[in-house]
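# Overview (structure and organization)
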Amino acid sequence: MRVPLSVYLLFLAPTAALAFAFFLFRPWWPRGTHWPILASCAVVSAASIDLAAKAYTGWGMDAPLGVWMAIGNWDVYFGVRIDGVGSAVLAMVAVVGALIHVYAVGYMREDPGFSRFFLCFHLFYLAMIGMLVSNNFVQFYLFWEGVGLCSYLLIGFWTHKPAARGAALQAFVVNRVGDLAFLIAILILLKSYGDTRFKHVFEQMAYQGAPLLGLVGLLLFVAAASKSAQFPLYFWLPDAMEGPTPVSALMHAATMVTAGIFLLARSWPLISFIPDLPWLIAAVGAVTAVFAGALACFQTDLKRILAYSTVSHLGLMALALGLGRVGAAVLHLIMHGFFKAVLFLCAGNIAHGLGKSAADISEVGGLRRSMPFTLACFAAAAVSLAGVWPFAGFFSKDGIIEAAFDGGPVWTAFALAAASLGAFYISRMLFLVFFGPCAEQGAGPERKPGHPHEAPAQMGMPVAFLAMLALFAGLLAPGIGRLLASGALPEAESLVLAHFSWTVFAAGTAAAGLGFAAAYYLTMVRPGWDWEWRRGHPGLESLVRSDLGWRKVVSAVAALGWRLAEWVGGALDHRTLDGLIESSAPATVSVGGALSLKGGRLNDYLWWILAGTAALLGVALC
Amino acid sequence: MRDILAFFSAPSLWPQLTLGSGILCCLAAGMARGLEAATSRVLGTAALIVALWMLLFTKLGAAGPLVTLDSLGLAWQILFYAGSLPVFLSLEADDEVPAALLLGAGLGMGLMAAGGSLLMLFVGLELASLPSYLLVAKLRSPSAPPFEAAVKYFFAGALASCLFALGMALHYAASGSLALSSAPGPMGQAGLALMGAAALFKLGAVPFHFWLPDVYESCAPALAGFLSTSVKSAAVFLLMRLASIGMGSAMAASLPWIGAVTALYGALLALRQERLQRLLAYSSVSHAGIIVLGVGAWAAQGCDRAAAAPIFFYGLVYLFMSNGAFFFVKASGLTKRGEVGGYARMCPVPAALFATLLLSLAGIPPSGGFLAKLFIFWEAVKAGLYLPVAGAALAALIGLGYYLGLIRDMYFDEPVWRRPSWEPGAVRWVLWACATAAAALGVLPWVFSSVLERIFS
Amino acid sequence: MPPRLLPSPWGREVNALAVGLALFAAGLAAVVLRGQLLAMLLGLELMIAGVSVILTYEAGVFGDPAGLAAVVLIIAIAAAEAVVGLCLILGLHRAGLGGRAGSLTELRE
């Protein structure tokens, strides 16, 4: 079977671009590092759209591309799997990624780390693409690790900011928990089936279930939960907003955080095989969606609102997945990528216009006059997020709400609550930022007189393009549905998209409308509500700031864990601002001291040789 | 022409004979006057390269009762000769005798590899050890007591060789021949244990390792690199031969435990070291432990020739990592851990090379060292040796302490070394080659896969 | 297997293996217990002697000339080893570090 050129281009283009950029551009023309990278983005986008088009016609492939190594009994092949789900997400990632690369050129223009940024950013792009087309768990894991590494490099990109370094390390450590779970799951699969190719595992699973299959599924879920910020392990995501805006837009909205959901979608045959695991996933997703949505309503930093919103939407995706609707989850993954990227980029534009790296709600207001273009894009993405027909977000949210309806009243309540909260927080953000009193005349506690202005065209064009997608991708929804169903692994009926139903439509729109109205009331009719309760109830505010106490729990658990590790191992000592583990605890060193031979006398050496020989003789003769 | 090729490719000692003539040439050159300073380097490197080339054409088989070349021996000769190449680049003028000694050591290792009898193993072992005792005393670094280290090495090594001889004699008494086959009865087991002790000594396993830090610390860094790679590979090979003779024996069963203890011991002691060469010595002990674990796992699974590939891969990656690390010490002139601080700011490229090597030694993906460790651990898990693997993994974790600690000192500490030195010339190329290879083997192992396939099938 | 007995000057036959092992043990004791480097060197030679005795006798028992050849080689190697050892000890003397093993304590933890 002929492997299309596009598959090779997916890997060759970014690798070549990175090589060029690193070896040629970075030493001699750092300001031009983005040129090979943008070219590679274009090639990859074209290739991925081509593959999606091919997959739409029913084509698919799952084959090894080449031998990575064959040493003794170890045969590891580099394999590629192109099917409906993979190619759909691939197309979204490639296109959104390319547009954000273009945006980043303008955003990072003045930054001294310009070329380093693009190298890390494109490396992430490559790792993500590699992950999406892997055909076995080991390869998937390798690229997953690569994505995590790039996340660390990019969140902590501004190394002079201690907050950024801390956030990068926190993200890395939390992801490590998931990575460890993933690794153990892979090892179990290797021991049970010998081969971690998706096709192979799912076939063998039907014939000879491994005894530890439930554990594998659970571990895969833990890995997905840590990467995709589900309830217990979500707290790294809001803090990861310390990175530059393009990073937040690409990684923490559209792509990296969806890796966990994608893993679950890929492993769906295994997960659905295990009783009760889908229920667990749905439960965690529902709780995450509502919890994060609620928290998003009270945040003040623009990017943090969007971060909590992302967590909430990831919860919705998990909910849909857990209820058995893989198609709905993947569709929401794709649509969410579009509108969330727009929202982040607009937030970035606002901050950029103010000349800062992040913006708080208290510093902005009434920007509709000075930044109309941003208003338009933001509004477009906002209505899409709220799930208003006929925009893109509606189709995906509709699918999830319908899945919840079919699941039962409890799920429905959660889904509708999440939808309503979604509409609330995004409308609140819309009103507070763009409408309402202008910054100079505001009623908030601290007001900085900024001079917001529109971003230059280079940063505006990608946003506009993405906004168009956020609005009109709904037209593509049926096409995407057909695409998802093609070339699928078994359980194709889970990939079917929802059928339209008036009840669901009404419920969804009502929830959105409720949220919108509440936001309008609390921001426009009663302005200052946002700050009044903060000033009046500082205890409440600190409670919200610590995520309703969850962050305190996390730090307590982390502290306990660290003390336990020190007691048990006595050797590992974490330095949070450094990113490298240094094991210099006195216990280990003194153990070494007790074991070492002082004096350096030759006769002692000889005695030890005799002793060792005698021991070996004793073992041999007994 | 065809006849000449046939003659050359018969399974025989042609690589070893090449080295022998290289020795003669070096000694002859040493007696002549007015030669270039680079003569010893050129002669030695040429002899090694010709020997390596001859290996390509060597057919496997037996030639008489003493010489048997099989795939294992062929593969390990690659490690021996390739591992000796870097040290030649550090030779200076009037160093013909050390060059001859190095070639002699290589010859000994080659004889061991082609040996089909215990006697050949012994001869090869001795021939490899005696020059290294002299070399430790001869090629010296500016501020260390070389003779003391050489004397300690000599006596400990000679004791081990005598133990090997006794083991050989007992084996002979039990089985009636010196061929590589198992000997029955308690005397045979005792013989095997004694020979195994000698092999473990050469490898630097606990508790036979005490000579190792002293020797590595006080000899020239390039020579330490040679000792830690070629000589260690020779010891591994010897251990593997012994393990395949005594497959079900208690000695083979105790190897994984010895390996785990060695790995842990080396790691724990390396944490305390202030002097860089001594730190690298203990890290070398730790790596030896992991290799012994690998040999133990190999023995537990039946000593299948094709399954020796993971151990070979480890030897190959270790060759690059260790040589590179020692060459960095030589080139940069750093001797103490305290002097490493801030090195990256003054010499960014050398620091990056050293960091790559350290990452590979620590076994952090995607370096070659990670893959090598992964293979060994996987083989051990397959053989059911869970506890030793846990011990070795713990040792690897402790190893992160000093490896990453060095990287951290280089990159994040304030500079303390006032005059950064960076030796130009051949040493720099060796360092680049080693660092690149250590990294590349992790990312592109297929480059060597085809070679390994050919060798081990 | 024929008994490993040798005629001895005391009129009673002794076990050849025991003789060899006794020589080896004597050499071992010399190496490990003595402080003078030259004495340790002698101990090494004693050990080789013990091994040679064992090998020679066993070669006779099995009628295998390969064992005798091995003995010759081992003796040659032992000689080379002695040369190297002497060379190192002389060098140590010249470096002013004396001839006792106990004085070699500069290299240590």
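Conventions we followed
Numbers given to residues run from 1 along each chain, matching the order in which its sequence is written. Ligands are numbered from 1 and chains lettered from A, in the order in which they are written. Per-residue local features are limited, in this predicted model, to residues with pLDDT of at least 70; the limit for side-chain atom pairs, both in listing and counting, is 80 or more; totals at the level of whole chains, interfaces and linings are taken over all residues. Note that water and hydrogens are dropped before the side-chain values are worked out from all heavy atoms of the structure. In this analysis, two residues are considered to be in contact whenever any of their non-hydrogen atoms come within 4.5 Å of each other. Note on terms: buried area is the combined drop in 1.4 Å-probe accessible area of two parts once they are placed together, counting the loss on both. We count a salt bridge whenever a side-chain nitrogen from Lys or Arg sits within 4 Å of a carboxyl oxygen from Asp or Glu. Runs of E in the DSSP output that reach at least two residues are strands. Runs of H or I that reach at least four are helices, and both are numbered from the N terminus. Residues are grouped as follows: Ala, Val, Leu, Ile, Met, Phe, Trp, Tyr, Cys and Pro are nonpolar; Asp, Glu, Lys and Arg are charged; all remaining types, including Gly, are polar. Values of pLDDT, ranging from 0 to 100, describe the predictor's confidence in every residue of the model. In this scheme, a residue with accessible area under 20% of its type's maximum is buried, one over 50% is exposed, and one in between is partly exposed, where area comes from a 1.4 Å probe on protein chains only. For Phe, Tyr and Trp, where Trp contributes only its six-membered ring, two rings pair if their centres lie within 6.5 Å, and the inter-plane angle classes them as stacked under 30 degrees, edge-to-face over 60, or tilted in between. We count a charge as sitting over a ring when the NZ of a lysine or the CZ of an arginine lies within 6 Å of the ring centre and within 35 degrees of the ring normal. We define a nonpolar core as any set of buried Ala, Val, Leu, Ile, Met, Phe, Trp, Tyr and Cys residues linked to one another through side-chain atoms lying within 4.5 Å. Convention adopted: a line fitted to C-alpha atoms gives each axis, helices being fitted over their contacting stretch, and angles between N-to-C directions are expressed from 0 to 180 degrees. Angle categories are assigned with fixed cut-offs, so that under 35 degrees is roughly parallel, over 145 is roughly antiparallel, 65 to 115 is roughly perpendicular, and the rest are oblique. Two helices cross in a left-handed way if the nearer one is turned anticlockwise from the farther one by less than a right angle. They cross in a right-handed way if the turn is clockwise.

### Regarding the interface of chain A and chain B
Residue-level contacts link 39 residues of chain A with 52 residues of chain B. Roughly 4200 Å² is buried in total at the junction of chain A and chain B, and carbon and sulfur atoms are behind 76% of that figure. Where chain A meets chain B, there are 0 salt bridges. Listed by contribution, the elements that provide at least two residues to the side of chain A that touches chain B are strand E1 (61-71), helix H6 (162-193), helix H25 (586-595) and helix H26 (602-621) of chain A.

### Focus on the interface of chain A and chain C
With 11 residues of chain A at the contact, the number on the chain C side is 13 residues. Here chain A and chain C share an interface that buries about 910 Å² over both sides, 67% of which is from carbon and sulfur atoms. Of the residues in the side of chain A that touches chain C, the class split is 6 nonpolar, 4 polar and 1 charged.

### Let's talk about the confidence of the model for chain A
Residues and elements named next belong to chain A. With 89% of its residues at a pLDDT of 70 or more, chain A shows a mean pLDDT of 81. Mean pLDDT values over the elements of chain A span from 68, in H25, up to 92, in helix H13 (residues 277-296). Here residues 440-449 is modelled with pLDDT under 50, and outside its nearest four sequence neighbours on either side it reaches 14 contacts, counting other chains as well.

### Some thoughts on helix H22 (residues 529-536) of chain A
Of all the positions in H22(A), only Trp529(A), Asp530(A), Trp531(A), Trp533(A) and Arg534(A) are classed as buried. Looking at the buried residues of H22(A), the elements they touch are helix H18 (409-434), helix H21 (502-525) and helix H23 (538-545) of chain A.

### Quick notes on the environment of Ala224(A)
Residue and element names in this part refer to chain A. When you line up the elements, alanine 224 lands in helix H8 (residues 213-227). On the accessibility criterion, alanine 224 (2% relative accessible area) is buried. Expressed as a C-alpha distance, the spacing of alanine 224 and isoleucine 261, which sit 37 residues apart in the sequence, is 6.3 Å. Once residues lying within four places of it in the same chain are set aside, the contact partners of alanine 224 are Trp144, Ala229, Gly260, Leu263 and Leu264.

### Focus: the pattern of salt bridges
Throughout the structure, instances matching the rule amount to 18 salt bridges over all chains. In this structure, the salt-bridge partner of Glu242(A) is Lys161(A), at a minimum N-O distance of 3.5 Å. Here the residue Glu242(A) occupies a position in the loop between helix H9 (236-239) and helix H10 (245-254), and Lys161(A) occupies one in the loop between helix H5 (137-155) and H6, the gap between them amounting to 81 residues. The partner of Asp214(B) in a salt bridge is Arg278(B), and the shortest N-O contact between them spans 3.0 Å. Here Asp214(B), found in helix H9 (residues 211-218), pairs with Arg278(B), found in helix H12 (residues 276-300); they are 64 residues apart in sequence, far enough to count as distant.

### What to know about the packing of aromatic side chains
Scanning the entire structure with this criterion turns up 50 aromatic pairs over all chains. With centroids separated by 5.7 Å and ring planes inclined at 20 degrees, the aromatic side chains of Tyr605(A) and Phe210(B) adopt a geometry described as stacked. Of this pair, Tyr605(A) sits in helix H26 while Phe210(B) sits in the loop between helix H8 (185-203) and H9, on two different chains. When its relative accessible area of 5% is taken as the criterion, Tyr605(A) is described as buried. Exposure remark for Phe210(B): the relative accessible area of 9% places this residue in the buried category. Through pairs of rings, three or more aromatic residues link up here, namely Phe137(A), Phe140(A), Tyr141(A), Trp144(A), Phe182(A), Phe198(A), Phe202(A) and Phe262(A). Sitting over the face of the ring of Phe114(A), Arg31(A) holds its NZ or CZ atom 4.8 Å from the ring centroid. Here the basic side chain of Lys227(A) rests over the ring of Trp144(A), its NZ or CZ set 4.8 Å away from the ring centre.

### What to know about the nonpolar core
A general tendency of soluble globular proteins is for nonpolar side chains to be buried together. Counting 223 residues, the largest nonpolar core has Trp76(B), Leu200(B) and Leu227(B) as its most contacted members. Looking at which element gives the most residues to this core, the answer is helix H7 (residues 146-175) of chain B, with 19 residues. Membership of the second largest hydrophobic core comes to 203 residues, among which are Ala55(A), Ala253(A), Met317(A) and Leu375(A).

### Some details on the confidence of the model for chain C
All names here are of chain C. In the predicted model, chain C carries a mean pLDDT of 85, and 91% of its residues have values of at least 70. For chain C, strand E1 (residues 5-6) is the element with the lowest average pLDDT, namely 70, and helix H2 (residues 37-62) is the one with the highest, namely 92. At the level of chain-chain contacts, confidence expressed as ipTM amounts to 0.92, with global pTM at 0.66.

### Structural notes on the packing of helix H1 (residues 16-33) of chain C against H2(C)
Residue and element names in this part refer to chain C. Where H1 contacts H2, the axes come no closer than 7 Å and their chain directions differ by 165 degrees. As summarised for this structure, H1 and H2 are arranged roughly antiparallel, according to the angle between their axes. Between H1 and H2 the crossing geometry is left-handed. Classifying every residue of the contact of H1 with H2 gives 20 nonpolar, 4 polar and 1 charged.

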